[in-house]
Amino acid sequence: MPRWFARTPSGDPKSRSHLRVGIPRLLNVWSTHQFWWGFLTALGIEGEAIVFSSDTSEDQNRQFGKGRGTVDCCYPVKCGAGHYGELVFGQKRKIDIFFSPMIYTLPSFLRGHVAETLSCPRVMAGPENIKAGFIKEKDVFAENGIRYVSPLVSLGEPLIVPKQLYETLKDVLPGLTLEETRRAVHEGYQTLQDFNERLRAKGREVLEACAREDKPCLLVLARPYHMDPGIGHEIEVDLQVYGYPILWVQYFPVDPDLLGWMFGEDIRAGIVKSPFDISDVWPSSYSSNTNEILWGAKVAARVPWIACVIRLSSYECGMDQPTYTPIQQIVERSGTLFFSFQDLDSTKPAGSVKIRVETIAHYLEKYSTEIIEKKKASMPPGCPLLRDP
Ligand code: SF4
C-alpha cells in the first residue's frame, strides 16, 4: 500500500495534517495559489505542509528538469520540468501528494462581461505535457511513493468546482465528502478574494498618492506568471529602483467610483455596456489573461498618472502575438509611453535590458510631466483619486 494512503487512515481532517502536498508554482497557479492554499488547509492539510516550488531559475532547470522536456513549447511551459523535478527530487522531507491542477477557466474580475475566461490551452494541458517527461521511461512519482493528482478544474465556474475536485480527491483523501469539498472550495475562493482585495487596495493607495503629487507610475501588462522572476526577469523591479511605483493589471483597483469615472462616458455613449466590457477593442474575448491585458490597456489610456506601460511576453507565446498591435495602439494613442519586452526566455540579456531600462527611465524623467498634463486635460471631471482621503 502506498505510504501516503497508510498515513491517512480515516476521514477525519485531522488525520490529513501529516500529508505533505507539493504544488508546482507555474503558469496560472501564480494567480490562483491563494485559492489552493485556502482549499487545502480547509481540508485539514497543515499550512507548512503545502510546499510550492521556488521561483523559476536556470539552476532549478539544470538541477531538476534537464532531459525531461517533452514537446517544443513556449518558455513558461518549458520551465515546468524544473518545478516538477524540484518537488520530486529536491525536498528535504518528501511530499506525499503532487498536486498540479489543469485549470480550464479562471476566476477573472472580467467574468460575465467578456465571452469567456478560459486559460490558454497550453496552461490547461501544461500538467499533462510536463508530467510526460517524468513517466516516459519509468513513473518517477510512483517510484518515489508520491501520488500524482491533477484535477481538471473550471475555477471560473464556482458551482461546478466542488464536484470536479471531489471526483479527483475522493480516492486521495479517504473519507472526503462532497459537502466537505464544497466548504473547502468556498474557503479557497474567500482566501483568493481577500488576497486580491488587499492588493487592489494597495494599488488604489499608490494611484491616489500619484494623483495627489502629480507623480507618474507604471502599469505592467503581462500574464500573472511574469511576476515569477525567472519568467519576467524582474524588469519592472529594475524600473522601480528609479523611484517609479509599479502596478500590475491583475491587481488594479476595481472600485465602482474609479470605474464609473474611467468608463462612465463610454457607457453613456453606448460604446461599452459596462466598465469591464472590452468588446470595443477585443471582440474575441475568450482568453482570461488576454482579456485582462486588453482591459489594462484601456485603463492605462484613461488614467493620467499611468505615464508608461510595460508589456512583457514570453518566447513562443502564440496567444500574445495577435495582441501586440492593438495594445500598443490603445496605449500610444492616449499619449502614454509604451515599451515592450517580447520573447523573454531563460536568458536575461543584462546589458540590453539595462540599456532599455535606462532609456525608459530617461523618457519618464523627460516627458512624464508633459504626459500627465496632456492626459489630465482630456480626463473626465470628478476624478475620485483626487478627493480628500
Ligand atoms: S499564454 Fe503564451 S506563454 Fe502563456 S502558456 Fe499560453 S502560449 Fe505559453
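Structure shown above.
Q: Looking at this structure, I do not really get the overall build of the chain. What am I missing?
A: A tally of regular secondary structure across the chain gives 15 helices and 10 strands. For the chain, whose C-alpha radius of gyration is 22 Å, the value lies close to the compact-globule estimate of 21 Å for 389 residues. Taken along the three principal axes of its C-alpha coordinates, the chain extends 70 × 45 × 35 Å. Within the chain, the fraction of its 389 residues that count as buried is 55%. For the chain, the proportion of contacts with a sequence separation of at least 24, taken over those separated by at least 6, is 78%. As presented, the chain carries roughly 16,800 Å² of accessible surface, and 53% of it is formed by carbon and sulfur atoms. Distance between charge centres in the chain, computed from 44 positive and 47 negative side chains, equals 3 Å.

Q: How should the layout of surface pockets be read in this particular structure?
A: Taking a probe equal in size to a water molecule and rolling it over the atoms shows the remaining empty space. By volume, the largest pocket amounts to about 470 Å³. Those elements giving two or more residues to the lining of the largest pocket turn out to be α2 (29-42), α9 (178-213) and α13 (288-302). Ranked by the residues each element gives to the lining of the largest pocket, the list is headed by α9, at six residues. Considering only residue class, the lining of the largest pocket consists of 10 nonpolar, 10 polar and four charged. Residue-level mapping places the lining of the largest pocket at the junction of two domains, with at least three residues from each of domain 1 (3-193) and domain 2 (199-386). When contributions to the lining of the second largest pocket are tallied by element, the ones reaching two or more residues are α9, α11 (235-240) and β8 (246-248).

Q: What's the story with the pairing of strand β10 (residues 337-344) in this structure? I'm lost.
A: Walk down a regular strand and you will see the side chains alternate between the two sheet faces. Counting buried positions along β10 yields six of eight residues, so the element is predominantly enclosed. Both strand β9 (residues 306-314) and β10 contribute to a ladder of six bridges, which runs parallel. Residue pairing in the sheet places C308 in a bridge with L337 of β10.

Q: It is not clear to me how helix α5 (residues 80-89) should be interpreted in this structure. Could you clarify?
A: An α-helix turns once every 3.6 residues. As a result, residues three or four positions apart point the same way. Most of α5 sits out of view: nine of its 10 residues are buried. Among the residues of α5, those classed as buried are G80, A81, G82, H83, Y84, G85, E86, L87 and V88.

Q: Help me understand the site of the ligand in this model?
A: Around the ligand lies a shell formed by C74, P76, C120, R122, V123, R223, Y225, C317 and M319. Classifying every residue of the shell around the ligand gives seven nonpolar, no polar and two charged. Each of domain 1 (3-193) and domain 2 (199-386) contributes no fewer than three residues to the shell around the ligand.

Q: What should I look at first to understand the packing of α2 against helix α8 (residues 161-169) in this one?
A: Any two packed helices are characterised by how steeply their axes cross, that is the angle between the axes, and by the distance between the axes. At their nearest, the axes of α2 and α8 sit 14 Å apart, and the two run at 60° to each other. As judged from the angle between their axes, α2 and α8 are oblique. As α2 packs across α8, the resulting crossing turns out to be right-handed. Along its contact with α2, which presents F35, W36 and F39, the element α8 presents V161, L165 and L169.

Q: Would you mind going over the nonpolar core with me for this structure?
A: A general trend in soluble globular proteins is that nonpolar side chains are found buried together. Counting 37 residues, the largest nonpolar core has L207, F252, M262, W295, V303, W305 and I306 as the members making the most contacts within it. Secondary structure elements with two or more residues in this core: α9, β7 (217-221), α12 (256-268), α13, β9 and α14 (324-333). Per element, the largest residue contribution to this core is six residues, and it comes from α13. When residues of this core are assigned to domains, at least three map to each of domain 1 (3-193) and domain 2 (199-386).

Q: Would you mind going over the sheet that holds strand β1 (residues 21-23) with me for this structure?
A: Hydrogen bonds along the backbone pair up the strands of a sheet, which may run parallel or antiparallel. Strand order in the open sheet formed by four strands is β2-β1-β3-β5, with parallel pairing between adjacent strands. For this open sheet the edge positions go to β2 (50-52) and β5 (147-149), each flanked by a neighbour on one side alone. Averaged over all neighbouring strand pairs, the angle between strand axes comes to 25°, with direction disregarded. With two bridges joining them, β1 and strand β3 (residues 97-99) adopt parallel strand pairing. Opposite G22, over in β3, you have F98 as the bridge partner. Packing against the sheet, α2 makes contact with β1, β2 and β3, and its axis sits at approximately 170° to β2.

Q: I keep staring at helix α6 (residues 121-135) and nothing clicks. Help me out?
A: For α6, built from 15 residues, the straight-helix expectation of 21 Å at 1.5 Å per residue is met to within 8% by its first-to-last C-alpha distance of 22 Å. Of all the bends in α6, the greatest, near 40°, is centred on P127. Listing the buried residues of α6 in full gives V123, M124, G126, P127, N129, I130, K131, G133 and F134. In this fold, the buried residues of α6 make contact with α3 (58-65), α4 (75-78), α5, β4 (102-105), α7 (140-143) and β5.

The rules we used
Residues numbered from 1 in each chain as written. Predicted model: local features only at pLDDT ≥ 70, side-chain atom pairs only at ≥ 80, totals over all residues. Heavy atoms only, no water. Helix = DSSP H or I, 4+ residues; strand = E, 2+ residues; numbered from the N terminus. Rg over C-alpha atoms; globule rule 2.2 N^0.38 Å. Buried < 20%, exposed > 50% of the residue type's maximum accessible area, 1.4 Å probe, protein only. Contact = heavy atoms within 4.5 Å. Areas by Shrake-Rupley, 256 points an atom, 1.4 Å probe, with all protein chains shown as cover. Lys, Arg positive; Asp, Glu negative; His and termini not counted. Charge placed at Lys NZ, Arg CZ, Asp CG, Glu CD. 1 Å grid on protein atoms, 1.4 Å probe; cavity = no way out; pocket = protein on both sides within 12 Å on 5 of 7 lines; lining within 4 Å. Points joined across faces, edges and corners; volume = space filled by probe spheres on them. Nonpolar A, V, L, I, M, F, W, Y, C, P; charged D, E, K, R; others polar. Domains from an automatic or database assignment. Pairing = 2+ DSSP bridges. Near = heavy atom within 4 Å. Axes fitted to C-alpha atoms, helices over the stretch in contact; angles between N-to-C directions. Parallel < 35°, antiparallel > 145°, perpendicular 65-115°, else oblique. Left-handed = near helix turned anticlockwise from the far one by under 90°. Core = buried A, V, L, I, M, F, W, Y, C linked by side-chain atoms within 4.5 Å. Expected span 1.5 Å × (residues − 1). Bend = angle between axes of the 7 residues up to and from the residue.

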